[in-house]
Amino acid sequence: MGGSFLLQLLINGLIVGALYGVVAMSFVLIYKASQVVNFAQGEFLLVGAWVCWWFLTEWQLPFAVGFVFTLVFMTLFGIILQAVVLRPLIGEPVISVIMATIGLGIFFQALMKWIFGVFAKPFPAVFGAERVSVLGLEVQSAYLLSLGISLAIMAGFGWFFRYSRHGLAMRATAFDQQVAQSLGISVPRVFAMAWAISAAVSAVAGVTVGMVNGVSAALSVYGIKVFPAVILGGLDSVVGAVLGGLIVGVLENLAQYVDSEWLNIGNMYQVAPFYALLVILLIKPYGLFGTKNIERI
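Parameters and conventions
Residues numbered from 1 in each chain as written. Predicted model: local features only at pLDDT ≥ 70, side-chain atom pairs only at ≥ 80, totals over all residues. Heavy atoms only, no water. Salt bridge = Lys/Arg side-chain N within 4 Å of Asp/Glu carboxyl O. Helix = DSSP H or I, 4+ residues; strand = E, 2+ residues; numbered from the N terminus. Patch = residues over 30% accessible without salt bridge, like charges linked within 9 Å, V, L, I, M, F, W, Y side chains within 5 Å. Areas by Shrake-Rupley, 256 points an atom, 1.4 Å probe, with all protein chains shown as cover. Buried < 20%, exposed > 50% of the residue type's maximum accessible area, 1.4 Å probe, protein only. UniProt positions renumbered as here; feature names shortened; annotations may be inferred. Axes fitted to C-alpha atoms, helices over the stretch in contact; angles between N-to-C directions. Parallel < 35°, antiparallel > 145°, perpendicular 65-115°, else oblique. Left-handed = near helix turned anticlockwise from the far one by under 90°. Contact = heavy atoms within 4.5 Å. Nonpolar A, V, L, I, M, F, W, Y, C, P; charged D, E, K, R; others polar.

- The name an unreviewed UniProt entry assigns to the protein is Branched-chain amino acid ABC transporter permease, from the organism Roseomonas populi.

### Regarding the pattern of salt bridges
Argument step 1. According to the stated counting rule, one finds one salt bridge in the structure shown.
Argument step 2. The residue Glu252 makes a salt bridge to Lys225 at a minimum N-O spacing of 3.7 Å. On the criterion of sequence distance, the pair formed by Glu252 in helix α10 (residues 238–263) and Lys225 in helix α9 (residues 221–233) is long-range, its members being 27 residues apart.

### Focus on a nonpolar patch on the surface
Argument step 1. A surface patch of nonpolar side chains, about 900 Å² in accessible area, is lined by Trp54, Trp59, Val65, Val68, Phe69, Val72, Leu76, Ile79, Ile80 and Val84.
Argument step 2. At eight residues, helix α3 (residues 63–86) tops the list of elements feeding residues into the nonpolar patch.
Argument step 3. Mapping Ile79 onto the fold places it in helix α3.
Argument step 4. The class of Ile79 is partly exposed, set by a relative accessible area of 35%.

### As for the UniProt feature "transmembrane region" (unreviewed entry) in the protein
Argument step 1. Mapped onto the present numbering, the UniProt feature "transmembrane region" (unreviewed entry) falls on residues 6–29, 36–56, 62–85, 97–120, 140–161, 190–214, 226–250 and 262–283.
Argument step 2. Secondary structure content for residues 62–85 is 96% helix and 0% strand, while the C-alpha to C-alpha distance between its ends is 33 Å.
Argument step 3. Secondary structure content for residues 226–250 is 84% helix and 0% strand, and the end C-alpha separation is 13 Å.

### Details of the packing of α10 against helix α11 (residues 268–283)
Argument step 1. The geometry of α10 relative to α11 is characterised by a closest axis approach of 8 Å and an angle of 125° between their N-to-C directions. Between α10 and α11, the angle falls in the class oblique. In the crossing of α10 with α11, the sense of the turn from one axis to the other is right-handed. Taking contact as the criterion, the partners of Val248, Leu251, Glu252, Asn253, Ala255, Gln256, Asp259 and Leu263 in α10 are, on α11, Met268, Tyr269, Ala272, Pro273 and Ala276.
Argument step 2. For the contact of α10 with α11, the residue count by class is nine nonpolar, two polar and two charged.

In structure tokens:
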């Protein structure tokens with residue numbers, strides 16, 4: 001393996017991994033607030049990408065304006081979805097909520113196909129050059145934009161949970177909902193805020209991937225691809241989600257090279273993260289930074 005090619009793989013893996021980390025944080029955010037694993041997370045990417053595409057193509061808005069409108073739409077989308085569908089399920093068995101998120105994923109997958117069709121559609125040109133040179137290596141302009149946005153989101157999450165009033169309320173709710181409510185924190189409002197932020201952040205990832213690969217139903221697969229990163233880092237750890245995303249991003253790129261050079265299996269790029277998921281579950285079931293629950297009988 002040449003040094004320059006290895007460097008290219010590592011850079012690509014880190015950039016894509018940062019995007020995975022952002023989506024993984026959306027998983028963790030909902031889980032920390034409501035103890036729910038949202039299996040419709042991939043569909044949040046899909047809806048956000050299609051909405052932004054629609055603003056840019058049908059309304060002919062500049063990308064910056066259309067992107068902001070998309071974030072506003074997805075924030076309202078998350079709030080309404082939580083209030084109408086998920087809030088009535090508070091207090092129900094966890095499996096009921098999980099099945100509801102799976103049903104939501106199937107519904108939005110079918111709805112987007114019905115509205116926009118089943119074929120991939122390219123994003124309007126956003127950058128003057130699709131690729132730029134970084135240290136002599138060619139990198140997608142959209143991925144560089146996503147890296148900057150991802151770093152900003154990660155810094156924003158860190159500040160939000162540590163210093164903001166709403167972030168502290170969310171941490172208290174994640175620790176114990178009954179205690180948080182006794183302290184005057186509105187648990188339903190925290191749930192709505194978590195879903196709103198998660199939907200908006202997922203839309204960022206959806207738009208970025210859509211700019212590179214086009215917008216299609218395949219975007220929803222990212223929800224499943226990111227799941228190993230969530231488990232790897234720890235289902236309740238924001239830092240773990242970021243680290244897990246970076247590890248999965250690098251692992252995918254290295255697995256693709258190893259497969260093309262020696263193994264010739266053909267799908268190692270897709271399955272390597274799930275092999276890593278099995279290994280980490282065997283060694284550390286709670287992930288690298290997850291909280292270990294101790295139950296006494």
